[in-house]
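As a plain string of letters, each chain reads:
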Amino acid sequence: MSSAILVVGGGFAGLTAAIEAAELGHDVYIVEKTPFLGGRVAQLNKYFPKLCPPSCGLEIQFQRIRNNPRIKFFTLAEVTALSGTKGKYTARVTLQPRYTAAHAVDLGFFASALEGETSNEFDFGLSTRKALYKSMPFAFPSRYVLDAATLTATDKAKLAGNKFINLSDEPKTIELEVGAIVIATGWKPYDVTNLVNLGAGTVPNCITNMQMERLASPSGPTGGKIVRPTDKVAPKRICFVQCAGSRDQNHLNYCSYICCMASIKQCFYAVESIPDVICDVYYIDLRTPGRYIKTLDKARASGRVNFIKGKVANVERIEGDRCRVQAEDAVRGEKLTVDYDLVVLATGMQPSLSAGCPLPLPLDEDGFVTGGEEEGIFTAGCALMPLDVTRSAQTGTAAALKAVQTVEGR
């Protein structure tokens with residue numbers, strides 16, 4: 001048997017599982033498909049329960065990884081094959097080239113001199129980035145990555161001969177011998193382009209809840225200012241559309257758990273930064289479990305956040321790039337037509353594995369993992385079900401303990 005543990009996914013749940021297992025004396029390999037660790041939490045402005053910035057929790061996790069020689073991580077990496085059985089697996093991992101030196105070098109000067117730019121996926125398309133970049137100020141590993149496909153011919157000439165850049169770098173494959181596996185592949189926002197009736201793709205000042213997080217973030221595209229994408233003016237009236245694609249047989253046939261709390265949190269972002277702003281939240285049910293009910297009470301007491309029970313049927317663009325919302329007020333039995341400066345769609349959480357999984361895992365119809373423990377494969381975070389950050393961390397700890405018990409033969 002191998003005493004090493006493989007963690008697939010470098011988000012909050014995966015980092016928690018890796019650190020817990022390593023601190024119990026086991027070698028751990030983290031495999032993360034993006035250039036940096038941190039997952040979706042890194043893209044938030046603040047997260048529950050303390051409403052602290054992502055650096056608050058992630059930098060502690062990154063420091064624990066730096067200080068623990070038992071943890072090895074691979075970014076731009078994916079598990080492409082798995083063979084063996086519980087206690088003795090061989091995982092084949094494909095590593096995509098980073099094209100930059102294998103140590104932290106400030107390449108900001110070289111990055112700023114490049115011409116080519118592309119849509120910034122970290123900001124969900126609200127900004128552009130250079131081919132040579134770091135996604136955030138506290139990115140880990142603290143190494144630039146080069147997106148070779150974005151380079152222009154002029155850019156390639158500028159980087160030629162740079163001792164910190166290797167444009168001839170190629171993908172490679174490694175094999176890892178492990179005894180147990182933790183699946184922490186996380187989630188992705190539901191494809192908003194499927195929600196045409198709610199203004200997605202047709203109304204320029206209709207954004208997603210994750211785009212709202214990036215607007216509010218000090219490291220985001222507007223330096224933390226909540227403004228309309230079209231004219232960079234602060235909105236005076238904002239509409240939040242709950243269950244945008246969730247609890248809908250045509251889209252996601254389940255509740256994504258965190259959307260109500262996320263929208264209430266984002267109402268506070270707006271109220272605290274924009275004088276006299278009014279936020280209207282259209283909902284089916286308000287789900288604020290446990291102590292989070294106090295957050296809902298605080299929002300109601302502000303006098304600037306209104307909760308309207310009813311579904312939004314349509315969002316369209318009107319003069320001045322404003323958004324006309326047609327909805328219902330289910331309590332009063334009325335149809336409403338209201339104009340807003342900004343619409344925020346609370347799009348649901350879809351498991352990343354819904355696009356397919358190279359590992360022998362049972363998935364339900366939505367792409368969530370439904371088993372595998374008898375094979376020594378354990379699931380954590382939103383690969384299991386929609387969860388908030390706290391519960392994701394708890395499932396990471398649970399998965400780590402089960403993995404440890406497996407490799408120790410218990």
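Refer to the preceding data block for the structure.
The structure reproduced in this document is the subject of the present report. Being a predicted model, the structure only gives us computed values, none of them experimental.

**Observations concerning the layout of surface pockets**
When its volume is computed, the second largest pocket comes out at roughly 380 Å³. Considering the residues around the second largest pocket, the lining is formed by 16 residues, among which T75, L95, Q96, R98 and R143 are closest to the centre.

**Considerations on the packing of helix 1 (residues 12-23) against helix 2 (residues 54-66)**
Closest axis-to-axis distance for the helix 1/helix 2 pair is 10 Å, and the angle between their directions is 35 degrees. The two elements helix 1 and helix 2 cross, and the hand of that crossing is left-handed. Facing F12, L15, T16, I19 and E23 of helix 1, the residues of helix 2 in contact are G57, L58, Q61, F62, R64 and I65. For the contact of helix 1 with helix 2, the residue count by class is six nonpolar, three polar and two charged.

**Section: empty space enclosed by the protein**
As enumerated under the stated definition, the model contains two cavities of 30 Å³ or more in all. Put simply, the largest cavity is a space of about 60 Å³. Around the largest cavity sit C243, S246, R247, C255, S256, Y257, I258, C259 and C260, which together line it. Counted by class, the lining of the largest cavity contains six nonpolar, two polar and one charged residues. Taken as a whole, the second largest cavity encloses approximately 30 Å³ of empty space.

**A short note on the pattern of salt bridges**
A side chain with one charge may pair with a side chain of the opposite charge, provided their charged atoms come close. Inspection of every chain in the model, using the stated rule, returns 15 salt bridges. The shortest N-O distance in the salt bridge between D147 and R129 comes to 3.1 Å. With D147 in the loop between strand 9 (145-146) and helix 4 (153-159) and R129 in strand 7 (residues 128-130), this pair connects stretches of sequence that are 18 residues apart. The network of salt bridges with shared partners includes E121, R129 and D147.

**A word on the packing of helix 1 against helix 8 (residues 389-407)**
At their nearest, the axes of helix 1 and helix 8 sit 7 Å apart, and the two run at 40 degrees to each other. Crossing hand, helix 1 versus helix 8: right-handed. Residues F12, A13, T16, A17, E20 and A21 of helix 1 pack against V389, S392, A393, G396, T397, A400 and V404 of helix 8. Among the residues forming the contact of helix 1 with helix 8, the class breakdown is eight nonpolar, four polar and one charged.

**Let's talk about the packing of aromatic side chains**
Within this structure, the stated rule accounts for eight aromatic pairs. Relative to F140, the ring of F73 lies with its centre 5.2 Å away and its plane at 45 degrees, an arrangement referred to as tilted. Placement of F73 in strand 3 (residues 71-74) and of F140 in the loop between strand 8 (132-133) and strand 9 is noted, with a sequence separation of 67 residues between them. For F73, a relative accessible area of 27% corresponds to the partly exposed category. Overall, the relative accessible area of 6% leaves F140 in the buried class. On the numbers, 5.8 Å between centres and 75 degrees between planes, the contact of F109 with F110 is edge-to-face. Among the residues examined, F109 registers a relative accessible area of 64% and is labelled exposed. You can call F110 partly exposed: its relative accessible area is 29%. Three or more aromatic residues joined by ring pairs form one cluster here, namely F62, F73 and F140.

**Topic: the sheet that holds strand 10 (residues 172-178)**
One open sheet accounts for three strands, arranged 4-5-10; its pairing is antiparallel. Of all strands in the sheet, those bounded by a partner on one side alone are strand 4 (77-85) and strand 10. Direction aside, the axes of adjacent strands within the sheet are offset by 20 degrees on average. Taken together, the eight bridges between strand 4 and strand 5 (residues 88-95) define a ladder with antiparallel strand orientation. Residue pairing for strand 5: L82 is matched across the bridge by A91.

**Quick notes on helix 5 (residues 209-216)**
With eight of eight residues buried, helix 5 lies mostly within the body of the structure. Turning to helix 5, its buried residues are N209, M210, Q211, M212, E213, R214, L215 and A216. Residues of helix 5 that are buried sit in contact with strand 12 (187-189), strand 13 (206-208), strand 14 (237-244), helix 6 (259-273) and strand 20 (342-347).

**Observations regarding the pairing of strand 15 (residues 278-283)**
Most of strand 15 is tucked away, with five of its six residues classed as buried. Taking the sense of rotation as the criterion, the β-α-β connection linking strand 14, helix 6 and strand 15 turns out right-handed. Where strand 15 and strand 16 (residues 305-309) come together, five bridges link them in parallel fashion. The partner of V281 across the bridge, within strand 16, is F307.

**So, unusual backbone geometry**
For the bond running from F48 to P49, omega is 5 degrees, close enough to zero to count as cis. By the secondary structure assignment, P49 is in the loop between strand 2 (28-31) and helix 2. Positive phi values are uncommon outside glycine, yet D321 reaches one of about 60 degrees. Along the chain, the position of D321 falls in the loop between strand 17 (312-318) and strand 18 (322-329).

About the criteria used
- Residues numbered from 1 in each chain as written.
- Predicted model: local features only at pLDDT ≥ 70, side-chain atom pairs only at ≥ 80, totals over all residues.
- Heavy atoms only, no water.
- 1 Å grid on protein atoms, 1.4 Å probe; cavity = no way out; pocket = protein on both sides within 12 Å on 5 of 7 lines; lining within 4 Å.
- Points joined across faces, edges and corners; volume = space filled by probe spheres on them.
- Axes fitted to C-alpha atoms, helices over the stretch in contact; angles between N-to-C directions.
- Helix = DSSP H or I, 4+ residues; strand = E, 2+ residues; numbered from the N terminus.
- Left-handed = near helix turned anticlockwise from the far one by under 90°.
- Contact = heavy atoms within 4.5 Å.
- Nonpolar A, V, L, I, M, F, W, Y, C, P; charged D, E, K, R; others polar.
- Salt bridge = Lys/Arg side-chain N within 4 Å of Asp/Glu carboxyl O.
- Phe/Tyr/Trp six-rings, centres within 6.5 Å; stacked < 30°, edge-to-face > 60°.
- Buried < 20%, exposed > 50% of the residue type's maximum accessible area, 1.4 Å probe, protein only.
- Pairing = 2+ DSSP bridges.
- Right-handed = clockwise from strand over helix to strand, strands pointing away.

Limitation: the analysis is restricted to geometry and does not speak to function.
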